[in-house]
Amino acid sequence: MAAVYFLSVVLLEVPSGWASDRFGRVHLLRLAAASWVAAYCLFLLADAAFGANIWLLSSAQVLVALGFASLSGTDASFHYDTLEAADRAKEFERSEATISRNAFIGTTIAAIVGGGLGSLDLVFPFVASALAALYQLRLATRMVEPARALADTSANGHDVSAKEGGFNPVADSLKALLRKGTAGRALRWLFLFMIVQQPLEGMALDLMQPWLSRLADTSNWPVSPALASGFMVAILSLVGAVSAAKAHALRLRLGLRTALSALAAIEAAIIAGMALFNTVWILPLLALRSTQAAAAPVLTTAAVAPMISRSERATFLSLASLAGRLAYGLTLLSLGQIGNQDTMFRVAAALGFALFVLLFVAGLTSGRLDDKAQP
């Protein structure tokens, strides 16, 4: 089922970004909410009426993937479009940080509530998720495109026949990456970071459970690995909330490139720590795993948004997300071929170090990104 979801997200990522740029953000936000409502209804139907029917479950996974793909790049683009229309684009980074912080707090609450409902009956979390998706759909139906963004969308539609290649935000996004000069180098480095961050973040998360299990086996914990993992998820969400709130201050203090490089270094250090040590003293390091997941999207989106035109913004972010998912998929495929767990941890650590070095070396020629003075 996880494979159905992952493959569906990869296939839908860029088309959804193109649709967002071509037809407007609100349509995709509504599609995301409607997809999740339908998905959770299918989950409930598969369990209640058909005994976990494989086709209903697969369809539900595709709809969940459609929701996430529709939201990817569109939510941040809609946020930036709204602020830009109100001549408040400079507030985007701080506002995005607040949204990310609240999302991590919401994840913490949802995990606690979902765990409590699941202890009563596993059907209840799906019912609660369906109700939450319904409320999200209600909110999405009340959203409207910002006046300036709506005018741009109409203009793009009008210009399709006039432009010699038509409206093609994918090609425009790739052209932006090939742009010469400082801006082009900076954009290419940010694109590289958005690719690299997914394998780093994913390995730090996926290796945590086997590492905790190994630690529990060797340390005679009185707590089960599952319970320990649950506590870690709660702690990670709280650390993520703090990290998101501090993202703007981190960029002001260190500069954008240094701040992003530091976030990548934390993930690489976590992977190396799990590979080298089997002790409870590594747990505080593991608690930092959500720092990059919380702060990096805020900083990268805030940096990329002004550098990309509205007609290609969601497509560009979707392309970066797609490339990152593919890189992470190849990483998982490679690690999955390793039979010995200790060897797998060492290979992951070496790969994490190599990705950080690649990012650091590329940053030496990335142009000016250290904008500490920018408010």
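These figures come from a predicted structure and were not determined experimentally.

Caption draft 1: Up close: the overall build of the protein chain. Looking only at helices and strands, one finds 17 helices and 0 strands in the protein chain. For the protein chain, with 375 residues in total, the buried portion stands at 45%. Excluding contacts between residues fewer than 6 apart, the proportion of contacts in the protein chain whose partners are at least 24 apart in sequence is 83%. Counting every atom, the protein chain has about 17,900 Å² of accessible surface; 68% of that belongs to carbon and sulfur.

Caption draft 2: Structural detail: the nonpolar core. Formed by 56 residues in total, the largest nonpolar core has its most connected members in F191, L207, W211, L260, I271, V304 and F316. Here this core takes 12 residues from helix α9 (residues 181-206), the largest share from any one element. The contact partners of L207, leaving out residues within four places of it in the chain, are I271, M274, M344, F345 and A348. Residues L29, A32, F78 and A133 belong to the second largest nonpolar core, which totals 16 residues.

Caption draft 3: Summary view of unusual backbone geometry. One non-glycine residue, D87, lies in the positive phi region at around 55°. For D87, the location among the structural elements is in the loop between α4 (74-85) and α5 (92-120).

Caption draft 4: Inspection of the packing of aromatic side chains at higher detail. Counted according to the given criterion, the structure contains 8 aromatic pairs. Seen from their ring centres, Y40 and F43 are 6.1 Å apart, and the 45° between their planes marks the pair as tilted. Taken together, the residues Y40 and F43, both in helix α2 (residues 25-48) and 3 residues apart, mark about one turn of the helix. For F43, a relative accessible area of 14% gives the class buried. Taking the centre distance of 6.1 Å and the plane angle of 25° together, the rings of W189 and F193 count as stacked. With W189 and F193 both in helix α9 and 4 residues apart, this pair spans about one turn of that helix. Residue classification places F193 among the buried positions, given a relative accessible area of 0%. Cluster of aromatic residues (ring-pair linked, three or more members): Y40, F43 and F126. Over the ring of F345 we find R214, and its NZ or CZ is 4.7 Å from the ring centre.

Caption draft 5: How the structure looks around the pattern of salt bridges. Scanning the model with the defined rule gives 8 salt bridges in all. With a closest N to O distance of 2.7 Å, D21 and R25 form a salt bridge. Across the pair, R25 and D21 agree in class, each one buried. A salt bridge links D81 to R313; the shortest N-O distance between them is 2.7 Å. Linking D81 in helix α4 with R313 in helix α16 (residues 313-336), this pair joins segments that are 232 residues apart in sequence. The same class applies to D81 as to R313, namely buried. Linked through salt bridges whose partners overlap, the residues forming this network are D21, R25, D81, R310 and R313.

Caption draft 6: Layout of the packing of α5 against helix α15 (residues 290-304). At a minimum axis distance of 9 Å, the contact between α5 and α15 shows a crossing angle of 150°. The angle between α5 and α15 falls in the class roughly antiparallel. By crossing handedness, the relation of α5 to α15 is classed as right-handed. The residues of α15 that touch α5, namely those facing F92, E93, E96, A97, S100 and F104, are S290, A293, A294, V298, L299, T301 and A302. The residue makeup of the contact of α5 with α15, split by class, is 8 nonpolar, 3 polar and 2 charged.

Caption draft 7: Local environment of helix α6 (residues 123-141). An ideal rise of 1.5 Å per residue puts 27 Å on 19 residues; α6 measures up with 27 Å between its terminal C-alpha atoms. Of all the positions in α6, only A130, A133 and A140 are classed as buried. End-on, the buried residues of α6 take up no more than an arc of 80°, which puts them together on one face.

Caption draft 8: Up close: the packing of helix α12 (residues 247-254) against helix α13 (residues 256-276). In contact at an axis separation of 7 Å, α12 and α13 are set at 120° when each is read in the N-to-C sense. Here α13 runs oblique to α12, going by the angle between their axes. Here α12 runs over α13; the crossing is right-handed. The residues of α13 that touch α12, namely those facing L250, R251 and L254, are L256, T258, A259 and L263. Classifying every residue of the contact of α12 with α13 gives 5 nonpolar, 1 polar and 1 charged.

Caption draft 9: Structural detail: a nonpolar patch on the surface. Residues L120, F124, V127, L131 and L134 make up a contiguous nonpolar surface patch of about 480 Å² in total accessible area. Looking at which element gives the most residues to the nonpolar patch, the answer is α6, with 4 residues. Tracing the backbone shows L134 in helix α6.

Caption draft 10: Representation of α5. In this model, α5 (29 residues) spans 41 Å end to end at C-alpha, consistent with the 42 Å of a helix rising 1.5 Å per residue. Along α5, the residues classified as buried are F92, E93, E96, A97, S100, F104, T108 and G118.

Caption draft 11: Local environment of the confidence of the model for the protein chain. Confidence along the protein chain averages 82 in pLDDT terms, with 85% of residues attaining 70 or more. For residues 154-165, every residue scores under 50 in pLDDT, and the model assigns this stretch 6 contacts once sequence neighbours within four places are set aside.

What counts, and at which threshold
Residues numbered from 1 in each chain as written. Predicted model: local features only at pLDDT ≥ 70, side-chain atom pairs only at ≥ 80, totals over all residues. Heavy atoms only, no water. Helix = DSSP H or I, 4+ residues; strand = E, 2+ residues; numbered from the N terminus. Buried < 20%, exposed > 50% of the residue type's maximum accessible area, 1.4 Å probe, protein only. Contact = heavy atoms within 4.5 Å. Areas by Shrake-Rupley, 256 points an atom, 1.4 Å probe, with all protein chains shown as cover. Core = buried A, V, L, I, M, F, W, Y, C linked by side-chain atoms within 4.5 Å. Phe/Tyr/Trp six-rings, centres within 6.5 Å; stacked < 30°, edge-to-face > 60°. Lys NZ or Arg CZ within 6 Å of the ring centre and 35° of its normal. Salt bridge = Lys/Arg side-chain N within 4 Å of Asp/Glu carboxyl O. Axes fitted to C-alpha atoms, helices over the stretch in contact; angles between N-to-C directions. Parallel < 35°, antiparallel > 145°, perpendicular 65-115°, else oblique. Left-handed = near helix turned anticlockwise from the far one by under 90°. Nonpolar A, V, L, I, M, F, W, Y, C, P; charged D, E, K, R; others polar. Expected span 1.5 Å × (residues − 1). Arc of directions from axis to C-beta. Patch = residues over 30% accessible without salt bridge, like charges linked within 9 Å, V, L, I, M, F, W, Y side chains within 5 Å. pLDDT = per-residue confidence, 0-100.

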